[in-house]
There are 2 protein chains.
Amino acid sequence: MSKKEISKAVINRLPRYYRYLGDLLEKDVVRISSKELSEKMKVTASQIRQDLNNFGGFGQQGYGYNVEYLHSEIGKILGLDRKYKVIIIGAGNLGQALANYTDFARRGFQIVAIFDIDPKIIGTKIRDIEVQPLEQMEEYIKDNDIDIAALTVPKTSAPLLAADLVSWGIKGIWNFAPTDLHLPSDVTVENVHLAESLMKLSYRLSVKENLKKKEG
Amino acid sequence: MSKKEISKAVINRLPRYYRYLGDLLEKDVVRISSKELSEKMKVTASQIRQDLNNFGGFGQQGYGYNVEYLHSEIGKILGLDRKYKVIIIGAGNLGQALANYTDFARRGFQIVAIFDIDPKIIGTKIRDIEVQPLEQMEEYIKDNDIDIAALTVPKTSAPLLAADLVSWGIKGIWNFAPTDLHLPSDVTVENVHLAESLMKLSYRLSVKENLKKKEG
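In this text the structure is predicted, and so the values were computed from the model without any measurement.

(A) Molecular detail of the overall build of chain A. Regarding its fold elements, chain A presents 9 helices and 9 strands. Along the longest, intermediate and shortest principal axes, the C-alpha atoms of chain A span 60 × 50 × 35 Å. Going through the 216 residues of chain A one by one, you find that 34% of them count as buried. Of all intrachain contacts in chain A linking residues separated by at least 6 positions in sequence, the fraction that spans at least 24 positions is 55%.

Structural data, given as structure tokens:
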């Protein structure tokens, strides 16, 4: 199974397949045709077949997909067949929201530590995890083999913090700060830019409004 | 200025241009060449020229872009030249995080109300906004001409809630629930699926790890 030539568009769709298959599993669905899956997901059946063929297929013509098998195989492709140790930097509302998502742990992302600079927050607990001062982070990371750091800090502190994290061995950064991080190529950065998501919403709203005005 | 044929990829890049130009404005930069902008943004200068040509150009060859003008024009394209009334449904950590982003208000997205079903949260205040019971939402929406509803509720309640919102006149939904909402075509849904973002991160981490194993 070669992962090298998979297009970004396919990769972007895989987590959605994984989510839908997970929902089907929860409902004890054993088998599903690409037609049924297509109706649920609002993508064409041929798109689904094409996407999954990238990874060897998983289905037999006319027989459909085994939900549990497909779910587990896509999980492996997504790297979900192992555990990830995650720390959260910034224990504000967003950091707390991430720490409280039990879904992440279920998928193998274990939140093991939370750091902040605010003395009022340091020492408080979020789901049994005590918020530690930022000064202890370097030692903690070096001692604990951390895979991913979620960065929920202001944009002004994010770039320097990220550079520190990388120098301490972190290879994955989940960045919520509204700034781009330029890091070495062996580091993976996944950005969640909330303001940009909101602007895409306002763009599409205003396009629809303008169309409506034109139509009368 | 026709917005109809603009590709999704260009639209996805516009908020990023807007953010970079906003940062330059804050630093009192008056003018920037596509080359400088390209170095900052890590995209090619020809990509930038091509993207902006979709909207009529904004720049003169060899003379660069007027930062303030370009920022304001892209803002108009993104629909940021008007105000949006936003309500938040679900006053958990994520809803509170959204309510606390002062950046949104600065860009014209005014959080005007927050709703929840939890009696312990109802009546409390988040940035001077009192959390209201869900039962008051219908009347509030009908009386207050709301543009956008941010949905930070569990995936089980999101689809029905969204259908209600649409029937009460909401045209824009910013959906944080880990489920897809299938709504009429005159409604705009922008999804923020955090778990999927995390899976994209683990995918890329595991691809890099596998490559390293092969090479090493």
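(B) Representation of the packing of helix H1 (residues 8–26) of chain B against helix H4 (residues 67–77) of chain B within the structure. Residues and elements named next belong to chain B. Following both chains from N to C, one finds H1 and H4 inclined at 145°, their axes separated by 9 Å at the closest point. As H1 runs across H4, the sense of the crossing is left-handed. Every residue of H4 that contacts H1 at Leu14, Tyr17, Tyr18, Leu21, Gly22, Leu24 and Leu25 is listed here: Val67, Glu68, Leu70, His71, Ile74, Gly75 and Ile77. Within the contact of H1 with H4, the residues separate by chemical class into 10 nonpolar, 3 polar and 1 charged.

(C) Expanded view of the relation of the copies chain B and chain A. Mapping chain B onto chain A calls for a rotation angle of 180° and an axial translation of 0.0 Å; the resulting RMSD is 0.1 Å. One copy is carried onto the other by what is essentially a two-fold rotation axis. Considering only C-alpha atoms, the residue of chain B closest to the rotation axis is B:Asn93, which sits at 2.6 Å. A shared interface surface links the copies, since 98% of the contact residues of chain B are contact residues in chain A too.

(D) A look at the sheet that holds strand E9 (residues 188–191) of chain A. Spatial ordering of the open sheet is given by E5-E6-E4-E3-E7-E8-E9 (chain A), a layout of 7 strands whose pairing is mixed. This sheet does not close on itself; its edge strands, each paired only once, are strand E5 (125–126) and E9 of chain A. Note that strand E4 (residues 109–116) of chain A and strand E6 (residues 129–133) of chain A share 3 bridges and pair parallel. Within the sheet, the bridge partner assigned to A:Asp116 lies in E6(A) and is A:Pro133. On the sheet, helix H9 (residues 194–215) of chain B packs against strand E3 (84–89), E4, strand E7 (148–151), strand E8 (172–175) and E9 of chain A and is oriented at approximately 165° with respect to E9(A).

(E) Region of interest: the interface of chain B and chain A. Across the boundary between the two partners, chain B contributes 48 residues, which contact 47 residues of chain A. At the level of secondary structure, the elements contributing two or more residues to the side of chain B that touches chain A comprise H1, helix H5 (93–100), helix H6 (102–106), strand E9 (172–175), strand E10 (188–191) and H9 of chain B. Top element by residues in the side of chain B that touches chain A is H9(B). It accounts for 15 residues. Each residue belonging to the side of chain B that touches chain A can be placed in one class, and the counts come to 23 nonpolar, 11 polar and 14 charged.

(F) Highlighting the pairing of E9(A). All names here are of chain A. Side chains of E9 alternate between two faces, with Thr188 and Glu190 buried and Val189 and Asn191 left unburied. Alignment of E8 against E9, held across 4 bridges, turns out to be parallel. Residue pairing for E9: Gly172 is matched across the bridge by Thr188.

(G) The arrangement of the environment of B:Lys212 in detail. All names here are of chain B. With respect to the helices and strands, Lys212 occurs in helix H9. Here Lys212 falls in the exposed class, since 11 other C-beta atoms lie within 10 Å of it. Taking the C-alpha atoms as reference points, Lys212 and Gly22, 190 residues apart in sequence, are found 39 Å from one another.

(H) Spatial organisation of the domain arrangement of chain A. What the domain assignment reports for chain A is domain 1 (8–77) and domain 2 (84–195). The centre of domain 1 of chain A, based on its C-alpha atoms, is set 32 Å off from the matching centre of domain 2 of chain A.

(I) Focus on the pairing of E6(A). All names here are of chain A. With 2 bridges joining them, E5 and E6 adopt antiparallel strand pairing. Counted as the bridge partner of Ile126 is Ile129 from E6. Following E5, the chain reverses through 2 residues before pairing antiparallel with E6; Arg127 in that reversal takes a positive phi of roughly 45°.

(J) Spotlight on helix H8 (residues 158–167) of chain B. Residue and element names in this part refer to chain B. Where H8 is concerned, the buried positions are Ala158, Leu161, Ala162 and Leu165. Viewed along the axis of H8, the buried residues span an arc of 100°, placing them on a single side of the element. Exposed side of H8, more than 90 degrees from the buried face: Leu160 and Ser167 are the residues found there. The secondary structure elements touched by the buried residues of H8 are strand E4 (84–89), strand E8 (148–151) and E9. In the stretch just after H8, Gly169 is the one whose phi turns positive, near 110°.

(K) Fine view of the packing of helix H2 (residues 34–41) of chain B against helix H3 (residues 45–53) of chain B. Residues and elements named next belong to chain B. The N-to-C vectors of H2 and H3 enclose an angle of 110°; their axes lie 8 Å apart at closest approach. For the element pair H2 / H3, the angle class is roughly perpendicular. Here Ser34, Lys35, Leu37 and Ser38 of H2 come into contact with H3, specifically with Ala45, Ile48 and Arg49.

(L) Structural view of the nonpolar core. If you look at the biggest cluster of nonpolar residues, it comprises 100 residues, and the most contacted ones within it are A:Ile88, A:Ala150, A:Leu151, B:Ile88, B:Ala150 and B:Leu151. In this structure B:Leu151 touches B:Ile89, B:Gly90, B:Ala158, B:Leu161, B:Ala162, B:Ile173, B:Trp174, B:Asn175, B:Phe176 and B:Ala177, once residues within four positions along its chain are discounted.

(M) Broad picture of the sheet that holds strand E5 (residues 109–116) of chain B. The 7 strands are arranged E6-E7-E5-E4-E8-E9-E10 (chain B) in an open sheet whose pairing can be described as mixed. The open sheet is flanked by strand E6 (125–126) and E10 of chain B, the only strands paired with a single partner. Along the sheet, helix H9 (residues 194–215) of chain A contacts E4, E5, E8, E9 and E10 of chain B; its crossing angle with E10(B), the most-contacted strand, is approximately 165°. Across the sheet, H8(B) is in contact with E4, E8 and E9 of chain B; its angle to E8(B) comes to roughly 170°.

(N) Looking closely at the confidence of the model for chain A. Averaged over all residues, the pLDDT of chain A equals 91, while 95% of them reach at least 70. Reported confidence for the predicted complex is 0.93 by ipTM and 0.92 by pTM.

(O) Representation of unusual backbone geometry. Residue and element names in this part refer to chain B. In this structure, Arg127 is a non-glycine residue whose phi angle is positive, near 45°. Within the secondary structure, Arg127 is located in the loop between E6 and strand E7 (129–133). Even without being a glycine, Asp128 presents a positive backbone phi close to 70°. In this fold, Asp128 is placed in the loop between E6 and E7. Assessed through the 6 C-beta atoms surrounding it within 10 Å, Asp128 is described here as exposed.

What counts, and where the lines are drawn
- Residues numbered from 1 in each chain as written.
- Chains lettered and ligands numbered in written order.
- Predicted model: local features only at pLDDT ≥ 70, side-chain atom pairs only at ≥ 80, totals over all residues.
- Helix = DSSP H or I, 4+ residues; strand = E, 2+ residues; numbered from the N terminus.
- Buried ≥ 20, exposed ≤ 12 C-beta atoms within 10 Å, placed from the backbone.
- Contact = placed C-beta atoms within 7 Å.
- Axes fitted to C-alpha atoms, helices over the stretch in contact; angles between N-to-C directions.
- Left-handed = near helix turned anticlockwise from the far one by under 90°.
- Nonpolar A, V, L, I, M, F, W, Y, C, P; charged D, E, K, R; others polar.
- Least-squares fit on C-alpha atoms with pLDDT ≥ 70 in both.
- Pairing = 2+ DSSP bridges.
- Domains from an automatic or database assignment.
- Arc of directions from axis to C-beta.
- Parallel < 35°, antiparallel > 145°, perpendicular 65-115°, else oblique.
- Core = buried A, V, L, I, M, F, W, Y, C linked by C-beta atoms within 7 Å.
- pLDDT = per-residue confidence, 0-100.

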